[in-house]
Amino acid sequence: MSITPYHAKLFAHELTRRAPSDSIEKLATALSEAQVDLNPHQIEAALFAFRSPLSKGAILADEVGLGKTIEAGILLAQRWAERRRRLLVICPANLRKQWSQELADKFFLPTAILEARTFTEAVRRGNLNPFEQSKIVICSYQFARAKEPYLRQTAWDLVVIDEAHRLRNVYKSGNKIGSAIKSSLAARQKVLLTATPLQNSLDELYGLVSIVDEFTFGDLRTFRKQFAGAARGASITSSEASLLEEARLLGVDSYSVVPIEALSGGFKSAYAIQRNTDSHWLGNDGLFFPPSRAGFERRRRFSRRD
Amino acid sequence: MNKRSEPLKGIAERAAAARRWNPAALKERLAPICQRTLRKQVLQYVAYTKRHALVQEFTPNDDEQRLYDLVSDYLQQPNLYALPSSQRQLMTLMLRKLLASSTYAISDTLAGLAQKLESAESESEAAGIPQEFAENFELLPEIEDEWAEDDEDSEDIVKKPVTLTPEQREERRQEIARLREFYELAKSIQRNSKGEQLLTALEKGFAAAGKAQAGQASSLQQKALIFTESRRTQEYLFRLLQQTEFAGKVVLFNGSNTDEGSQRIYREWLQRHKGTERVSGSMTADKRAALVEYFRDDASIMIATEAAAEGINLQFCNLIVNYDLPWNPQRIEQRIGRCHRYGQKFDVVVVNFLNKANAADMRVYQLLAEKFQLFDGVFGASDEVLGAVESGVDFEKRIASIYQQCRTPEQIGFQFNQLQSELDAEIGQARAHAQEQLLNNFDQDVIDKVRVGSAQALDRFHSLLWRVTQFSLAPHAKFSSAGHSFDLRQNPYPQLKDEVLTGRYEMRKGVEDANTWRIGHPLAQCMLFEACNLQTPSAEIVFDLSGNPTAMASLEPLKHQGGWLTASLLTLQSATPSDHLLFAGVCCEDSSLDGSALFGSTATPLEPVQCRRMFDLARAMVQAQPSLLLQSETHHESLEKLLEAERARILLQSDTENGAWLDAESNKLDRWAEDRRLMLEDELRELDEKIRETNRAALSAGMLQQKIALKQEVAQLEAERSRKRRDLFEAQDRVEAERHALFAEASRRLIQQASTQALFTIRWRVI
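None of these values were measured; they are calculated from a predicted model. Every chain is numbered on its own, with residues counted from 1 as its sequence reads. Both sets of labels track the order of writing: A upward for chains, 1 upward for ligands. In keeping with the predicted nature of the model, local features appear solely for residues at pLDDT of at least 70, side-chain atom pairs appear and are counted solely at 80 or more, and the whole-chain, interface and lining totals rest on all residues. Based on all heavy atoms of the structure, the side-chain values leave hydrogens and waters out of the count.

Student: In this structure, what is going on with the overall build of chain B? I would like to understand it.
Tutor: On a plain count of helices and strands, chain B comes out with 25 helices and 17 strands. In this scheme, a residue with accessible area under 20% of its type's maximum is buried, one over 50% is exposed, and one in between is partly exposed, where area comes from a 1.4 Å probe on protein chains only. When the 767 residues of chain B are sorted by exposure, 49% land in the buried category. A contact between two residues is defined here by any heavy atoms of the two lying within 4.5 Å. Pairs at least 24 apart in sequence give 75% of the contacts found in chain B among residues at least 6 apart. For chain B, the exposed area adds up to about 36900 Å²; of that, 51% sits on carbon and sulfur atoms. Labels follow the DSSP assignment, with helices taken as runs of H or I lasting at least four residues and strands as runs of E lasting at least two, numbered in each case from the N terminus. Computed by Shrake-Rupley with a 1.4 Å probe, the accessible areas treat only the displayed protein chains as cover when residues are assessed.

Quick look at the structure:
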């Protein structure tokens, strides 16, 4: 079974062609390079990240053990095959070696771990921006932040951020690593890997999404208005519900004032408002705990006063 | 201004959020950017095995207990010269871990501390952490990093040399004496009650691990991976096992791998794999590979430090012994993950050593086993559970502080109860539920399609690569008759002499004793580049329909026919460039093809797929006919027309696809702009509300002064509102303008520049 030069030329072009972003052929080279058996959900995740030619990246949030590293590896390998070689992996310091090893073992990808020492050495050898080199660069979060200007001026073809939930507080002003990474890589394509994109509040999800694409949501304030409370299931307990219901039944509008002494002791301690008992009024939002029968009339009097 | 009403307001807001809460809307906006798959969704193609926990209890003897109490007591002192405040937490953790590991682990470190104090030139804190500590406790630098991360913003404390008072000097001298005393005691303890249980633990473990393999394995695999945090303990365990039936079947794995046995294993491995790609040239990496291979093929037991074992795959082993246990649950998960991973065929047995006389140890174990469920079940610790403790470092620190503060069993019990109830609160189901509700878009149909599609794409890809390889390397290699492998006799590209090894190549995954043939290989890259640029003048190619493994129904009608065919490469330059192969062909009704009269109106067009399909036929040969060049001219026009139609079709298709993406992008930007507008309006609304509130407060204010002050506040707020109202339109216009700019940029990125490169034109004949 031999072929002619015409076949060879045709096949060689087929093997090296760049396929459109929404096709499996797009990943064929990377898939064929992989030294592990790839699972369909991994291929699908890799396709997902850059399905749109306008995509700025994605958050790949599979549960632990489903091979997020492999998903990122497929994407890195494909970029590599397309000779787009400004590739960066940011991960916790203790995972740098593992990344290096996995990319080599599973995808034949050469990597360089960049840290203070190797950085200085590279500069001494004449590379004034060691982030630019012929290998995939791996560095820690701290290092990425420390070398922010270098990170910013490198025209990355793809940045992989592992254990990205570490950046979930990026929306808070004090998060230096998060904001450094977000702002210096804003224009680049990124893939964030995390098994737990949502831990405490929905704000965190907003934070992670904004790192990938700033234009998916407006700002945090509107986001909260629209979606807040969801992280804990946006729910209130049944006792809270009955409390609100009673307030409604009492017909108190939202600007009524209620004397603190009208409230039952149990409620006071339950909502930790004791520290405020020195003041006479509790709130002006019309919400209060249904007091004892005796207190009811007193409150009526008070609420009419305004 | 009304802080005191917040608890109530909070409920109201949550209630309002619950009413508004629309997961579908948020989910829809997250869908293009977030992808999540759960383990339970992939069970059909990933076979997860279970883990089982076994506990190996031991009780320290009197000397061991005395050493433990003494050192523990020492570590609880408020001020220690050997552990200056900057290193205190970290060193305390290390010492506690070593103390729990073995007397061999702790003894040298105690001596090291004493020596550090004695030899320190300055009497202040200057001395750093001795190098040998990190050599024994390899995790030290890593934990140092992890713990430091949390205080990234704390400023470095400037250390000033302090002169000690005579009293302090005396204290310091006493501390040295104490450390020496501990050292002597540790050194005198030769028998470790823990170590004496090792054989029992292994027996139990092997029995359970064997049971897990029962009925599934052709031959029983008796392999155990023992983890320890200390190099000294590792050496001790090695000596211990040398006196048992396992003598000569134990391999060590640690950060340096410089012991005699490892060196020998490495040398033999080098010998075996000389001249193949297996040898990477990095001694560290090669040694690791050699030791893992030795464990797999020859040894029964590997004793590893986890710092070193990070990232290695030992799925051929299904027994793990935690001789000592890290407190960071994520680290334990990492350990178990070495064996309990994709590719593991059997249930994994985890044996944990537990000090029965230590209340705190018992409670830590209970938390790890019950709350984190690290040692049992199918999936190990779930993300929600691991995630609940942030990075695991917090948990580790918390445990460390309990050990540090608690002296009585009551205190220990109390602190652990507290920690446990906090964990219970953290490991909530609601959060996990919200996460899945929002992020999961798993679609079995999509996954099935990907599975079939990728398998086909890969098959095709490999078969093409193999056919080109056979063609291009024929003069330089000997191809085996079976399988995708060949022997490279000489390197055809002198410029690659450092990168290309001669010898055997195999095209498949996981090649061990040969080189891997793959498209990314430098030789393959050169070969393909050359093939892309082959000279292909017009010629006649005869394609043979007979002898094909699969039927070629679409080509059957072409049997005994002939005609012309041209191929070219269309490149679309845009944000994501793509290349497309174009085919155009005609069939001429008569097969004789030799008179120019045949060309013209009698030619019927071929489907592009038919043209491509011809090249999949197993047999084809070139009939050299230089004179064809002239004849192809006569047919040029109709081929060109067909090619142009094909080109237009692909452009249209690509444009349609891009149009859809642009719509999606535009939709996203619209919503972004809407969000921004909402925010601007919302600010106004809040001002309105604040004005109303302040007005009311002014009405009900008793004191005249207070009334006046509030009214003034109202006036200010109203002024601000007017200003904001005026600004609103302008701000909205700005949002609009930004949206337009973003859209224009997105459109620009999708505009395509098409260029075509002709590959070849041939006369074809199918027989």
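Student: I'm lost on the overall build of chain A in this one. Help?
Tutor: For chain A, the helix and strand inventory stands at 14 helices and 8 strands. Put simply, chain A has 306 residues, and 61% of those count as buried. Considering only contacts in chain A between residues 6 or more positions apart, those separated by 24 or more positions represent 71%. Carbon and sulfur atoms make up 50% of the accessible area of chain A, which amounts to about 11500 Å² in all.

Student: I keep staring at the nonpolar core and nothing clicks. Help me out?
Tutor: Nonpolar side chains in soluble globular proteins tend to end up buried together. Throughout this description, the term nonpolar core refers to a set of buried Ala, Val, Leu, Ile, Met, Phe, Trp, Tyr and Cys residues connected via side-chain atoms within 4.5 Å. Among the nonpolar cores identified, the biggest contains 86 residues, and Leu179, Leu314, Leu368, Phe375 and Phe416 of chain B are the most heavily contacted of them. Residues within four places of Leu179 of chain B in sequence aside, it is in contact with Tyr74, Ala82, Leu110, Leu113, Ala114 and Leu117 of chain B.

Student: I would appreciate a short explanation of the confidence of the model for chain A in the present structure.
Tutor: Should the pLDDT be low somewhere, the predicted coordinates at that spot are not to be read in detail. All names here are of chain A. Averaged over chain A, the pLDDT score is 78; the fraction of residues at 70 or greater is 73%. Per-element confidence in chain A is highest for strand E5 (residues 158–161), whose mean pLDDT is 98, and lowest for strand E8 (residues 281–282), whose mean pLDDT is 36. The pLDDT score gives, residue by residue, the confidence of the prediction method on a 0 to 100 scale. In this model, residues 229–234 is a region of pLDDT below 50 whose contacts with residues beyond four sequence positions or in other chains number 18 contacts.

Student: Would you take a moment to explain the sheet that holds strand E11 (residues 515–516) of chain B for this structure?
Tutor: Across a sheet, strands are paired by hydrogen bonds formed along the backbone, either parallel or antiparallel in direction. All names here are of chain B. In short, DSSP must find at least two bridges between two strands for them to pair. One open sheet holds the 4 strands; their spatial order is E8-E9-E10-E11, and the pairing between them is mixed. Across the chains shown, the open sheet's two edge strands, defined by having one partner strand only, are strand E8 (477–479) and E11. Sheet topology places E8 next to strand E9 (residues 485–488); 3 bridges connect them, and they run antiparallel. Following the sheet pairing, Phe479 is matched in E9 by Phe486. The axes are straight lines fitted to the C-alpha atoms, using for helices just the contacting stretch, and the angles between their N-to-C directions are given from 0 to 180°. Contacts between helix H21 (residues 444–473) and the sheet are confined to E8 and E9, with E8 contributing the most and set at about 135° to the helix.

Student: Got a minute to help me understand empty space enclosed by the protein in this structure?
Tutor: Take a probe with the size of a water molecule and roll it over the atoms, and the empty space left behind shows itself. Residues and elements named next belong to chain B. Only protein atoms enter the 1 Å grid used here, on which a cavity is any set of points holding a 1.4 Å probe that cannot leave and a pocket is any open set flanked by protein within 12 Å on both sides along at least five of seven lines; residues with an atom within 4 Å of a point are listed as lining. Grid points are joined across faces, edges and corners, and a volume is the space filled by probe spheres set on the points. Using the criterion set out here, one finds 5 cavities of 30 Å³ or more in the structure. Taken as a whole, the largest cavity encloses approximately 490 Å³ of empty space. Lining the largest cavity are 29 residues, with Ala100, Ser101, Lys194, Asn355 and Asp361 sitting closest to its centre. The set of elements that each furnish at least two residues to the lining of the largest cavity consists of helix H3 (62–75), helix H4 (88–101), strand E7 (348–355) and helix H16 (359–371). Element by element, the count of residues in the lining of the largest cavity is highest for H4, at 5 residues.

Student: I would appreciate a short explanation of the side chain of Arg331 of chain B in the present structure.
Tutor: Within the secondary structure layout, Arg331 of chain B lies in helix H15 (residues 329–339). Once residues within four sequence positions are removed from consideration, Arg331 of chain B is found in contact with Leu139, Glu142, Ile143, Glu146, Glu306, Pro326 and Glu396 of chain B.

Student: Sorry, what's going on with unusual backbone geometry here?
Tutor: One can expect most non-glycine residues to show negative phi and most peptide bonds to be in trans. The phi dihedral of Arg83 of chain A falls on the positive side, at around 65°, and the residue is not glycine. Relative to the elements of secondary structure, Arg83 of chain A occurs in the loop between helix H4 (68–81) and strand E2 (87–91). Residue Arg83 of chain A is classed as exposed on the basis of its relative accessible area, which comes to 53%. One non-glycine residue with positive phi stands out, namely Asn257 of chain B, at about 50°. On the secondary structure map, Asn257 of chain B appears in the loop between strand E4 (250–253) and helix H12 (260–273). Given the relative accessible area of 3%, Asn257 of chain B is considered buried.

Student: Any chance you could explain the pairing of strand E10 (residues 503–506) of chain B here in plain terms?
Tutor: Looking along a regular strand, one sees side chains alternate from face to face of the sheet. All names here are of chain B. Examined bridge by bridge, E9 and E10 share 4 bridges and lie antiparallel to one another. In the strand pairing of E10, Phe486 is matched with Tyr505. Bridge analysis of E10 against E11 gives 2 bridges, and the strand direction is parallel. Residue pairing in the sheet places Tyr505 in a bridge with Asn515 of E11.

Student: Help me out: how do you make sense of the sheet that holds strand E4 (residues 136–140) of chain A in this one?
Tutor: Pairing is parallel across the open sheet formed by 7 strands, whose spatial order is E3(A)-E4(A)-E2(A)-E5(A)-E6(A)-E1(A)-E1(B). In this open sheet, the two edge strands, each paired with only one partner strand, are strand E3 (111–113) of chain A together with strand E1 (34–35) of chain B.

Student: Even after reading the chapter, I still don't get the environment of Leu582 of chain B, so can you show me in this structure?
Tutor: Note on placement: Leu582 of chain B falls in strand E14 (residues 578–588). The class of Leu582 of chain B is buried, set by a relative accessible area of 0%.

Student: Sorry, what's going on with H4 of chain A here?
Tutor: Residues separated by three or four positions in an α-helix point in the same direction, a consequence of the helix having 3.6 residues per turn. Residues and elements named next belong to chain A. Take the residue count of a helix, subtract one, and multiply by 1.5 Å to get its expected span. With 14 residues, H4 should reach 20 Å at 1.5 Å per residue; the first-to-last C-alpha distance of 20 Å fits that figure. Of all 14 residues in H4, 12 are buried; the element is thus mostly enclosed. Considered for burial, the residues of H4 that qualify are Lys68, Ile70, Glu71, Ala72, Gly73, Ile74, Leu75, Leu76, Ala77, Gln78, Arg79 and Trp80. Positive phi shows up at Arg83, right after H4, with a value of about 65°.

Student: Which parts of the structure should I look at to understand helix H8 (residues 166–188) of chain B?
Tutor: For H8 of chain B, which comprises 23 residues, the first-to-last C-alpha distance of 33 Å matches the rise-based estimate of 33 Å (1.5 Å per residue) to within 8%. By the burial criterion, the buried members of H8 of chain B are Arg172, Glu175, Ile176, Leu179, Phe182, Tyr183, Leu185 and Ala186 of chain B.

Student: What am I meant to see in the packing of aromatic side chains here?
Tutor: For any pair of aromatic rings, the description consists of the separation of the ring centres together with the inter-plane angle of the planes. All names here are of chain B. Working definition: a ring pair exists when centres of Phe, Tyr or Trp rings (six-membered ring for Trp) sit within 6.5 Å. Plane angles under 30 degrees give stacked, over 60 give edge-to-face, the rest tilted. Considering all chains together, one arrives at 26 aromatic pairs over all chains under this definition. Consider the rings of Trp466 and Phe486, whose centres lie 6.1 Å apart with planes at 35°: the pair is tilted. Here Trp466 is found in helix H21, whereas its partner Phe486 is found in strand E9, with 20 residues between them in sequence. As far as burial versus exposure is concerned, Trp466 and Phe486 are alike and both buried. Ring geometry for Phe479 versus Phe486: centroids 5.2 Å apart, planes at 40°, classification tilted. In this scheme, the term charge over a ring applies when either NZ of a lysine or CZ of an arginine sits within 6 Å of the ring centre and within 35 degrees of the ring normal. Over the aromatic face of Tyr104 sits the side chain of Arg239, whose NZ or CZ is 5.3 Å from the ring centroid. The positively charged end of Lys287 is found above the aromatic ring belonging to Tyr266, 5.9 Å away from the centroid.

Student: What should I look at first to understand the environment of Leu252 of chain B in this one?
Tutor: Residues and elements named next belong to chain B. Here Leu252 lies in strand E4. On the basis of relative accessibility, which here comes to 7%, the residue Leu252 falls in the buried class. Sequence separation between Leu252 and Arg231 is 21 residues, and the spatial gap between their C-alpha atoms is 9.9 Å. In this structure, Leu252 is in contact with Gln234, Phe238, Asn257, Asp259, Ser262, Leu291 and Ile303, ignoring residues within four places of it in sequence.

Student: Explain the pattern of salt bridges here, please?
Tutor: Any two side chains of opposite charge can pair, so long as their charged atoms come close to each other. We count a salt bridge whenever a side-chain nitrogen from Lys or Arg sits within 4 Å of a carboxyl oxygen from Asp or Glu. Scanning the model with the defined rule gives 58 salt bridges over all chains in all. Note that Glu82 of chain A and Lys26 of chain A form a salt bridge whose closest N and O atoms lie 3.2 Å from each other. Placement of Glu82 of chain A in the loop between H4 and E2 and of Lys26 of chain A in the loop between helix H1 (5–16) and helix H2 (28–33) is noted, with a sequence separation of 56 residues between them. Among the residues examined, Glu82 of chain A registers a relative accessible area of 18% and is labelled buried. Looking at Lys26 of chain A, the relative accessible area reads 13%, which means it is buried. Measuring nitrogen to oxygen at the nearest pair gives 2.8 Å for the salt bridge that ties Glu170 of chain B to Arg173 of chain B. On the criterion of helical spacing, the pair formed by Glu170 of chain B and Arg173 of chain B is a turn pair, its members being 3 residues apart in helix H8. When salt bridges with common partners are traced through the structure, they connect Glu14 of chain A together with Arg460, Arg612, Arg613 and Asp616 of chain B into a single cluster.

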